[in-house]
Amino acid sequence: MSARFEELDWRKTRLGEISLRRRWDPTFDKEVYEVKLDDDFLMSSLFTVAEIELTELALAELPGNGLDVVVGGLGLGYTAQAVLDSPRAQSLLIVEALGEVIEWHQSGLIPAGKSLTADPRCRYVHGDFFAMAASSEGFDPEAPARLFHAVILDVDHSPRHVLHPSHAAFYDPAGTLKLAGHLHPGGIFALWSNDPPDDDYLALLGGVFTEVRAEVVSFDNPLQGRDSTNTVYLGRKPR
């Protein structure tokens, strides 16, 4: 193993083989953390603009303070950390299906884990976000049927490219309606996607939420010599 690359952890999970890697990237001249599921790259600390913008766009839609937020998908922690960076956030639940990823953060293997774990507003929930969204109990095992001001999701590649077949129903009208049931009136649902805006999915969201839109987030990608883009979907639960 070279000094420029280190596999920090590797585990077999119900979703496949997951690994956490750290390497030195000579192009960016910095240390990079990456998460892989089997042969698929899930997260990289090289490109975090859209993950952070996902949170900032969601919170910008909400007035006042004392916001209770759910983040689905922990990853490298950038989306969750952006919630805690806002003094308007009162509480944060991070729902993560893989206990191994939570352990990486709690043990400090991932840099963001130290601040997330130390913040009294933040709590990890080891569970299936999609099953919780479909249930009447919702996301907080300590307070069934609790409502939130924002639900922010960054798990699948897009509504059409899911990591597991069991996730697909969440992106149907019935699954979207169940998700809305866990939001306060006027609450915000925000979703990250690696694909361009999908008009069919926007129409589906519009059947449940108001003020629905897709924001294209651009960021510099020196590896490809051009800008790359992600999409953030936003919708408000009717008041």
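A brief structural summary. (Residues numbered from 1 in each chain as written. Predicted model: local features only at pLDDT ≥ 70, side-chain atom pairs only at ≥ 80, totals over all residues. Heavy atoms only, no water.)

1. A look at the sheet that holds strand E2 (residues 16-25)
- The four strands lie next to each other as E1-E2-E3-E4, forming an open sheet whose pairing is antiparallel. Edge positions in the sheet fall to strand E1 (5-13) and strand E4 (40-44), since each has one partner strand and no second. Across this sheet, the average inter-strand angle for adjacent strands is 20 degrees, counted without regard to direction.
- Lying over the sheet, helix H3 (residues 99-106) contacts E1, E2 and strand E3 (30-37), oriented at roughly 145 degrees with respect to E1. (Pairing = 2+ DSSP bridges. Helix = DSSP H or I, 4+ residues; strand = E, 2+ residues; numbered from the N terminus. Axes fitted to C-alpha atoms, helices over the stretch in contact; angles between N-to-C directions. Contact = heavy atoms within 4.5 Å.)

2. Re a negative patch on the surface
- On the surface, a cluster of negative charge is contributed by Glu17, Asp38, Asp39 and Asp40.
- Looking at where Asp39 falls in the secondary structure, it is placed in the loop between E3 and E4. (Patch = residues over 30% accessible without salt bridge, like charges linked within 9 Å, V, L, I, M, F, W, Y side chains within 5 Å. Areas by Shrake-Rupley, 256 points an atom, 1.4 Å probe, with all protein chains shown as cover. Salt bridge = Lys/Arg side-chain N within 4 Å of Asp/Glu carboxyl O. Lys, Arg positive; Asp, Glu negative; His and termini not counted. Charge placed at Lys NZ, Arg CZ, Asp CG, Glu CD.)

3. Some points on the packing of aromatic side chains
- The full count for this structure, using the stated rule, is twelve aromatic pairs.
- Their ring planes at 80 degrees and their centres at 5.4 Å tell us that Phe129 and Phe130 sit as a pair that is edge-to-face.
- For Phe129, a relative accessible area of 3% gives the class buried.
- Look at Phe130 and you get buried, because its relative accessible area is 9%.
- Ring geometry for Phe130 versus Phe170: centroids 5.4 Å apart, planes at 85 degrees, classification edge-to-face. You can see Phe130 sitting in helix H5 (residues 129-134) and its partner Phe170 sitting in the loop between strand E8 (148-153) and helix H6 (173-180), a full 40 residues away along the chain. (Phe/Tyr/Trp six-rings, centres within 6.5 Å; stacked < 30°, edge-to-face > 60°. Buried < 20%, exposed > 50% of the residue type's maximum accessible area, 1.4 Å probe, protein only.)

4. Overview of the pattern of salt bridges
- According to the stated counting rule, one finds 17 salt bridges in the structure shown.
- Its salt-bridge partner being Glu103, residue Arg11 comes within 2.9 Å of it at the nearest N-O pair. Pair noted here: Arg11 is in strand E1 and Glu103 is in helix H3, with a separation of 92 residues, a long-range link.
- Arg123 is the partner of Glu142 in a salt bridge, and the nearest nitrogen-oxygen pair spans 3.5 Å. A residue pair is termed long-range when its members are at least 10 positions apart, and Glu142 in the loop between H5 and E8 and Arg123 in strand E7 (residues 122-126) qualify at 19 residues.
- Given a relative accessible area of 26%, Arg123 falls into the partly exposed group.
- Members of the salt-bridge network, linked through shared partners, are Glu61, Glu211, Arg213, Glu215 and Arg236.

5. Thoughts on the side chain of Lys237
- The topology assignment puts Lys237 in the segment after strand E11 (226-236).
- At 14 Å, Asp68 is the nearest oppositely charged side chain to Lys237, a buried residue that forms no salt bridge.
- Within the structure, Lys237 has its side chain in polar contact with the backbone oxygen of Leu183 (distance 2.7 Å).
- With sequence-adjacent residues up to four places away left out, Lys237 is seen in contact with Ala180, Gly181, Leu183, His184, Pro185, Gly186, Gly187 and Phe209. (Polar contact = N/O pair within 3.5 Å; in protein donor to acceptor, adjacent residues only side chain to side chain.)

6. Overview of the environment of Thr55
- For Thr55, the position within the fold is in helix H1 (residues 49-60).
- Spatially, the C-alpha atom of Thr55 lies 9.5 Å from that of Val232, the residues being 177 residues apart in sequence.
- If near-sequence neighbours (up to four positions away) are discounted, Thr55 is found in contact with Thr79, Ala82, Val83 and Ile152.

7. Focus: the side chain of Thr176
- Mapped onto the fold, Thr176 is located in helix H6.
- With residues near it in sequence (within four places) discarded, Thr176 still touches Phe170, Tyr171, Leu204, Leu205, Val208 and Phe209.

8. Structural notes on the pairing of strand E5 (residues 67-72)
- The element E5 is largely enclosed, with a buried count of six among its six residues.
- Of the two faces of E5, both are covered, the one formed by Leu67, Val69 and Val71 as well as the one formed by Asp68, Val70 and Gly72.
- You can see the chain leave E5, run along helix H2 (residues 78-84) and come back into strand E6 (residues 89-96), and the turn it takes is right-handed.
- Summarising the sheet, E5 and E8 pair through four bridges and their orientation is parallel. Following the sheet pairing, Val69 is matched in E8 by Ala150. (Right-handed = clockwise from strand over helix to strand, strands pointing away.)

9. So, the nonpolar core
- Leu20, Val69, Leu92, Ile94, Leu116 and Ile152 are the most contacted members of the largest nonpolar core, which has 40 residues in total.
- Broken down by element, this core gets its largest block of residues, five residues, from H1.
- Filtering out sequence-adjacent residues up to four positions away, Val69 remains in contact with Leu59, Val83, Ser91, Leu92, Leu93, Phe148, Ala150 and Ile152.
- Counting 25 residues, the second largest nonpolar core, distinct from the first, contains Val125, Phe130, Leu183 and Leu191. (Core = buried A, V, L, I, M, F, W, Y, C linked by side-chain atoms within 4.5 Å.)

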